[in-house]
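In case you want the letters, here they are:
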There are 2 protein chains.
Amino acid sequence: MVKNARVGQPNYFASGSINRSGNLRRDPGWLADRLANPRTRILPLHGSEVALVGGDLVWLEIGDLPAGQALGHDEEGVVFLGVDGKGGAVFGIDLSAPELVELDLPLPGDSSRTDLRGAAMLLAPDAGNHVAYLSAMLTWHRRHRWCGVCGRPTTPSWGGHLRTCSACGAEHFPRTDPVIIVLVTAGESCLLGRQPIWPARMWSALAGFVEPGESLEDAVAREVGEEVGVAVQEVVYHSSQPWPFPMSLMLGFHASAGPEPVNITVDRSELDDARWFARDGMAEAVADGSVMLPPPFSIARQLVDSWLTV
Amino acid sequence: MVKNARVGQPNYFASGSINRSGNLRRDPGWLADRLANPRTRILPLHGSEVALVGGDLVWLEIGDLPAGQALGHDEEGVVFLGVDGKGGAVFGIDLSAPELVELDLPLPGDSSRTDLRGAAMLLAPDAGNHVAYLSAMLTWHRRHRWCGVCGRPTTPSWGGHLRTCSACGAEHFPRTDPVIIVLVTAGESCLLGRQPIWPARMWSALAGFVEPGESLEDAVAREVGEEVGVAVQEVVYHSSQPWPFPMSLMLGFHASAGPEPVNITVDRSELDDARWFARDGMAEAVADGSVMLPPPFSIARQLVDSWLTV
């Protein structure tokens, strides 16, 4: 496993065991052969909802498809994820894709559907990576069926990792949106904000999309300036996390605003509120429920926890 | 200016002096008022080409427009960049936009057009940021004129920072593609590769797009594994850089492959060649031209230089 020098454990949703095998994506013959193999594994999602049985992912095999049904490697809703630890090809499918709704898949009778956040509370990290990867890919496909350059239909190839315009030939690659997320600290305090739609008492690190022409450090300074009117003095990278809501890449930082908390000016068009929290007493406030932090699978929580336990 | 704890100077193309003023983007009345002010400044690009006079950016003012000509804040090819240090609004325009080709702009007679790389060799960092920001925005507009969800036309708003589908209402925000770039080191050596299209003797750090479901550290490990067959053991973030070719975000790392150089297996479908370079003698090889490195404005060069001068 890759280790960032600053972080012992990969963040949830990252670092799965599937080898993406970029070269095999581009081999239509190999992909077709794998999709004809009854032992090839398939991970089914329904849009961004996950099928679970007893807290585990539902997997199917090509051999489970009813007689006469098959999947094409360049078909809408079919994505080649890579090769698993045993050398077997792994594909994902989108049961909500119009082209696949007729597919009569034998999902277990006791399977239930849950959204990605619910699944992240249940699934082991490796399974969490699989659903994050596939969900982001499927969202990208749904949002790029037509060419942004000329307005004509695009068609998938490379096992679902490329869409090409049928008219102008423009190539479209899977999109990932970089988002900075930052825990601002000042001495023994940290700055948390809350969005209006969040549950009461829920607080988190500040975050925002990186804009064209910005470095990550620029984006951190701009977001903190915009949202709470605070100037950051030192910006230190912590770790990153794929964030499939719907297809972001979270880039986590700690930033210092000086030795003592400074006055803040909350942008009420962005945040419901923001304030400084003293390190002393924070763990107790979380334990007794008077402060709610984001779930443990989120990089936001990792940024707070790593600061609390410095 | 923001300082990353690891890097004293911001990378070129980053950290410009324009305040993006996200809230003002959403105020059509304010934008219209600024575009009616004869002193409002305009930065003209022609696609991704920059107009220069004597090595400086060509700027225009609204008052320079011929009588009867005006710019709209929701017009194709017009982007609100932000507010400058004197409180004046700054807009960028794309002279290659079909809607603006009739605009009879009084560019200085001695101005010349150059591409972004050429401009980056000439322009001061602040001007370099302006053109990187605007060029990436204009590329995004050109590639998102139609809705990827439903294939109908999209129209710009928010001073060119949002496109909305005229039919399904889908919102499209400026895209930035995250790319990792990594200098792999082993003791006193670093690993550089070269692409087939590069000039002879040109070598650089390895790089590749981050894929959905990957952390940055995952992407570093995968790219290094794919391109040269080397397993990285420690992955340390260095800095980041907006990279307007055409609209990427470079995320720079150093990665260790162990105490001594290991055997490499070059993927010839990706690279022309790759090899280890000893630190000892590297500066001399660069000085005498037997090794060419990327230009000083690139994060690739910063990764190499910062390692050479450790």
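Visitor: Give me the lowdown on the overall build of chain A, citing residues and values where you can.
Guide: A count of helices and strands for chain A gives seven helices and 16 strands. Summarising its shape, the C-alpha atoms of chain A cover approximately 70 × 45 × 35 Å along the three principal directions. A sequence separation of at least 24 residues applies to 67% of the contacts in chain A between residues at least 6 apart. Per element, the accessible surface of chain A, about 12500 Å² overall, is 51% carbon and sulfur. Each charge class in chain A was averaged separately, 24 positive and 37 negative side chains, and the resulting centres sit 3 Å apart.

Visitor: Can you tell me about the side chain of B:Glu217, naming the residues and giving the values?
Guide: Along the chain, B:Glu217 turns up in helix 5 (residues 216-228). Judged by relative accessible area, which is 6%, B:Glu217 ranks as buried. Side chain to side chain, B:Glu217 and A:Tyr237 meet in a polar contact 2.5 Å long.

Visitor: So what's going on with the layout of surface pockets? Residues and values would help.
Guide: A volume near 550 Å³ is recorded for the second largest pocket. Around the second largest pocket, the lining is made up of 23 residues, and of these A:Asp218, A:Ala221, A:Arg222, B:Gly16 and B:Ile18 lie nearest the centre. Of the residues assigned to the lining of the second largest pocket, the class counts are nine nonpolar, nine polar and five charged.

Visitor: Account for the interface of chain B and chain A, naming residues and giving values.
Guide: Contact with chain B, which involves 59 residues of that partner, is made by 59 residues of chain A. Both faces combined, the contact of chain B with chain A buries some 4600 Å², and carbon together with sulfur accounts for 50% of it. At the boundary of chain B with chain A, the tally comes to eight salt bridges. A salt bridge links A:Arg25 to B:Glu211; its shortest N-O distance comes to 2.7 Å. Connecting chain B to chain A are 30 residue pairs in polar contact (both at pLDDT 80 or more). At the level of secondary structure, the elements contributing two or more residues to the side of chain B that touches chain A comprise helix 1 (22-25), helix 4 (125-143), strand 10 (171-172), helix 5, strand 14 (234-243) and strand 15 (248-256) of chain B. The dominant element in the side of chain B that touches chain A, judged by the number of residues it contributes, is strand 14 of chain B, at seven residues. Considered class by class, the residues forming the side of chain B that touches chain A number 25 nonpolar, 16 polar and 18 charged.

Visitor: Could you give an account of the packing of aromatic side chains, with specific residues and numbers?
Guide: On inspection of all chains with the given rule, the structure shows 27 aromatic pairs over all chains. Aromatic pair A:Phe13 and A:Phe297: ring centres 5.7 Å apart, planes at 70°, arrangement edge-to-face. Here A:Phe13, found in the segment before helix 1 (22-25), pairs with A:Phe297, found in the loop between helix 6 (282-287) and helix 7 (299-308); they are 284 residues apart in sequence, far enough to count as distant. A relative accessible area of 0% means that A:Phe13 is categorised as buried. With centroids separated by 5.9 Å and ring planes inclined at 45°, the aromatic side chains of B:Tyr12 and B:Phe297 adopt a geometry described as tilted. With B:Tyr12 in the segment before helix 1 and B:Phe297 in the loop between helix 6 (282-287) and helix 7 (299-308), the pair connects residues that are 285 residues apart, well separated along the chain. Its relative accessible area of 13% is what places B:Tyr12 among the buried residues.

Visitor: I'd like to hear about the relation of the copies chain B and chain A, residue by residue, with values.
Guide: The operation relating chain B to chain A is a screw motion whose rotation component is 180°, with 0.0 Å of axial translation and a residual RMSD of 0.0 Å. Seen this way, the second copy is the image of the first under a two-fold rotation axis. Of the C-alpha atoms belonging to chain B, the one lying closest to the rotation axis is found on B:Gly151, 2.4 Å away. Comparing interface residues between copies, 100% of those in chain B also lie at the interface in chain A; the contact surface is shared.

Visitor: Run through unusual backbone geometry, naming residues and quoting values.
Guide: Residues and elements named next belong to chain A. The residue after Phe 245, namely Pro 246, is reached through a cis peptide bond having omega 0°. The backbone of Ser 21 sits at a positive phi, close to 50°, despite the residue not being glycine. Mapped onto the secondary structure, Ser 21 falls in the segment before helix 1. Of note, the phi angle at Trp 158 is positive, near 50°, even though the residue is not glycine. With respect to the element layout, Trp 158 can be found in the loop between strand 8 (154-157) and strand 9 (162-165). The class for Trp 158 is partly exposed, based on a relative accessible area of 28%.

Visitor: How would you explain the environment of B:Ser298 if you had to name every residue and give the values?
Guide: All names here are of chain B. Topologically, Ser 298 is positioned in the loop between helix 6 and helix 7. With relative accessibility at 4%, the residue Ser 298 sits in the buried group. Sequence separation between Ser 298 and Trp 243 is 55 residues; the distance between their C-alpha atoms is 8.5 Å. Not counting chain neighbours up to four residues away, the residues in contact with Ser 298 comprise Gln 241 and Trp 243.

Visitor: Before we move on, could you go through helix 7 of chain B and cite the residues and values that matter?
Guide: Along helix 7 of chain B, the residues that are buried comprise B:Ile299, B:Ala300, B:Arg301, B:Leu303, B:Val304 and B:Trp307. Buried residues in helix 7 of chain B make contact with strand 11 (177-186), strand 12 (189-194), strand 14, strand 15, strand 16 (273-278) and helix 6 of chain B.

Visitor: Before we move on, can you summarise the pattern of salt bridges with the specific residues and values?
Guide: This structure, assessed with the given rule, holds 42 salt bridges over all chains. Among the ionic pairs, B:Glu76 bridges to B:Arg163, the shortest N-O distance being 2.7 Å. With B:Glu76 in the loop between strand 4 (60-61) and strand 5 (78-83) and B:Arg163 in strand 9 (residues 162-165), this residue pair connects regions lying 87 residues apart in the sequence. When salt bridges that share partners are traced, they join A:Arg20, A:Arg25, B:Glu211, B:Glu214, B:Arg222, B:Glu223 and B:Glu226 into one network.

Visitor: Can you lay out the sheet that holds strand 9 of chain A for me, pointing to particular residues and giving the numbers?
Guide: All names here are of chain A. Taking strand neighbours across the sheet as the criterion, the three strands line up as 8-9-10 in an open arrangement whose pairing is antiparallel. The sheet is open, and its two edges are formed by strand 8 and strand 10 (171-172), each paired on a single side. Alignment of strand 9 against strand 10, held across two bridges, turns out to be antiparallel. Following the sheet pairing, Thr 164 is matched in strand 10 by Glu 171.

Visitor: Tell me about the sheet that holds strand 9 of chain B, and please be specific about residues and values.
Guide: Pairing between sheet strands relies on hydrogen bonds along the backbone, with the strands arranged either parallel or antiparallel. All names here are of chain B. Taken in spatial order, the three strands make up an open sheet running 8-9-10, and their pairing is antiparallel. Of all the strands in the sheet, the pair left with one neighbour each is strand 8 (154-157) and strand 10. Both strand 8 and strand 9 contribute to a ladder of four bridges, which runs antiparallel. Bridging across to strand 9, Thr 155 finds its partner in Thr 164.

Visitor: Talk me through helix 4 (residues 125-143) of chain A; I want residue IDs and the actual numbers.
Guide: Between its first and last C-alpha atoms helix 4 of chain A spans 27 Å; for 19 residues at 1.5 Å apiece the expected length is 27 Å, and the two agree. With 15 of its 19 residues buried, helix 4 of chain A lies for the most part within the structure.

Reading guide: rules and limits
- Residues numbered from 1 in each chain as written.
- Chains lettered and ligands numbered in written order.
- Predicted model: local features only at pLDDT ≥ 70, side-chain atom pairs only at ≥ 80, totals over all residues.
- Heavy atoms only, no water.
- Helix = DSSP H or I, 4+ residues; strand = E, 2+ residues; numbered from the N terminus.
- Contact = heavy atoms within 4.5 Å.
- Areas by Shrake-Rupley, 256 points an atom, 1.4 Å probe, with all protein chains shown as cover.
- Lys, Arg positive; Asp, Glu negative; His and termini not counted.
- Charge placed at Lys NZ, Arg CZ, Asp CG, Glu CD.
- Buried < 20%, exposed > 50% of the residue type's maximum accessible area, 1.4 Å probe, protein only.
- Polar contact = N/O pair within 3.5 Å; in protein donor to acceptor, adjacent residues only side chain to side chain.
- 1 Å grid on protein atoms, 1.4 Å probe; cavity = no way out; pocket = protein on both sides within 12 Å on 5 of 7 lines; lining within 4 Å.
- Points joined across faces, edges and corners; volume = space filled by probe spheres on them.
- Nonpolar A, V, L, I, M, F, W, Y, C, P; charged D, E, K, R; others polar.
- Buried area = accessible area lost by both parts, 1.4 Å probe.
- Salt bridge = Lys/Arg side-chain N within 4 Å of Asp/Glu carboxyl O.
- Phe/Tyr/Trp six-rings, centres within 6.5 Å; stacked < 30°, edge-to-face > 60°.
- Least-squares fit on C-alpha atoms with pLDDT ≥ 70 in both.
- Pairing = 2+ DSSP bridges.
- Expected span 1.5 Å × (residues − 1).

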